[in-house]
Amino acid sequence: MKYNKIRIFSAISLMLIMLLSLSACGDDREIRYQTYVDSLITANYLNSCEQYVRSTGANQDDADAMYLQNVTRLANNLESFYGLEISSDVELAPKMVELAKKIYSKARFHTDPAVKDNNIYYVTVTIEPINLLNQTHDEVLAYVEDFNKRVENGDYNNYVKEDYEHEFAAGIIDILDKASDKMEYGDPVTIKVRIILSDSNFYISNEDFRNIDMAILSTDASKYEKEAEAAEVSSDTDADENTDYEEVTEEDIDTESDTEADTETNTTEQ
């Protein structure tokens, strides 16, 4: 057996549907809306929920659960991206979640006070996308090639499938973990987030939250996509290629992004 799939996807869409009824602080609207958006991002990615709880009146347990859901989904998507099978691995499954926490802890962003335009308030969010997938491309490909050579040499002939998958996945996780210590970032991305007002409540849309999420971690994986195209072309003439690539669409990724309802962190105006 040999490792033969690096799964490519166009985007990870990690939607969180939050249906809380929350209380807002008494700041001016420009600052209140900025604080709200800033606290949403901070709570979801940096595991710092104090501002979120304070500015919205959310329950701490709910905020903690929201963060855990987000990092667990990233862990699952990384597992899918690299074709790993560790969901039942008692050592590596939690290790992947810890890696996801570490990756998101490196998120870089800042928000500006809300600006009113034609009676609509917008908060500008500027994000430096984490570029870990492309950053580790060369090392991952070298690792896959070396692993497949060891497979061909019979190094794993006596391994059961679970141990074989564990061995391969451990190497991928180690590469990502070490690279995240020296994280690289893409060019800043600016997102204009609309504050939706409903009676005495306000919140942001599902689409705006998706845009924020997709900018936090760059998922264009352009280097992998080029390799995938090359592998597809070469497969016509070389059926024994060590590393094949399988393109995965968003439908193949297990997320809750099919829900189109707004991200109603309903915040009461005061």
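Before any of the text, the structure's been laid out above.
Read on for an overview of the structure. (Residues numbered from 1 in each chain as written. Predicted model: local features only at pLDDT ≥ 70, side-chain atom pairs only at ≥ 80, totals over all residues. Heavy atoms only, no water.)

### Points about the overall build of the chain
Scanning the chain from N- to C-terminus turns up nine helices and 10 strands. Across the 270 residues of the chain, 47% fall into the buried class. Across the chain, contacts joining residues at least 24 apart in sequence account for 80% of those joining residues at least 6 apart. (Helix = DSSP H or I, 4+ residues; strand = E, 2+ residues; numbered from the N terminus. Buried < 20%, exposed > 50% of the residue type's maximum accessible area, 1.4 Å probe, protein only. Contact = heavy atoms within 4.5 Å.)

### Re the pattern of salt bridges
When the charged atoms of two side chains with opposite charge come close together, those side chains can pair. Under the criterion given, the structure shown has nine salt bridges. Residue Asp181 pairs with Lys102 through a salt bridge whose shortest N-O separation is 2.7 Å. Residue Asp181 is located in the loop between helix H7 (161-180) and strand S6 (189-194), and its partner Lys102 is located in helix H4 (residues 92-104); the two are separated by 79 residues in the primary sequence. Lys102 sits in the partly exposed class, given a relative accessible area of 22%. A salt bridge links Glu165 to Lys161, with the nearest nitrogen and oxygen atoms 3.5 Å apart. Taken together, the residues span about one helical turn, with Glu165 and Lys161 both in helix H7 at a distance of four residues. Overall, Lys161 belongs to the partly exposed group, its relative accessible area being 43%. Linked by salt bridges that have partners in common, Glu85, Lys161 and Glu165 make up one network. (Salt bridge = Lys/Arg side-chain N within 4 Å of Asp/Glu carboxyl O.)

### Focus: the packing of helix H1 (residues 29-45) against helix H3 (residues 60-81)
Across the interface, H1 lies against H3 with an axial gap of 7 Å and an inter-helix angle of 60°. One way to sum up the angle between H1 and H3 is to call them oblique. Counted together, Ala43, Asn44 and Tyr45 of H1 and Met66, Tyr67 and Asn70 of H3 form the full contact between these two elements. (Axes fitted to C-alpha atoms, helices over the stretch in contact; angles between N-to-C directions. Parallel < 35°, antiparallel > 145°, perpendicular 65-115°, else oblique.)

### Examining the environment of Tyr67
Inspection of the secondary structure assignment puts Tyr67 in helix H3. Note: C-alpha distance between Tyr67 and Ala43 (24 residues apart in sequence) is 6.3 Å. Excluding its chain neighbours within four sequence positions, the residues that come into contact with Tyr67 are Ala43, Asn44, Tyr45, Leu46, Asn47 and Lys101.

### A word on helix H8 (residues 206-216)
For H8, a buried count of eight out of 11 residues is recorded, marking the element as mostly surrounded by other parts of the structure. Taken together, the buried positions of H8 are occupied by Asn206, Asp208, Phe209, Arg210, Ile212, Asp213, Ala215 and Ile216. Looking at the buried side of H8, the elements it contacts are H1, H3, H4, strand S5 (120-128) and S6.

### What to know about a negative patch on the surface
A contiguous patch of negative charge, built from Glu50, Asp61, Asp62 and Asp64, is present on the exposed surface. The element that contributes the greatest number of residues to the negative patch is H3, accounting for three residues. Mapping Asp61 onto the fold places it in helix H3. The class of Asp61 is exposed, set by a relative accessible area of 58%. (Patch = residues over 30% accessible without salt bridge, like charges linked within 9 Å, V, L, I, M, F, W, Y side chains within 5 Å. Areas by Shrake-Rupley, 256 points an atom, 1.4 Å probe, with all protein chains shown as cover. Lys, Arg positive; Asp, Glu negative; His and termini not counted. Charge placed at Lys NZ, Arg CZ, Asp CG, Glu CD.)

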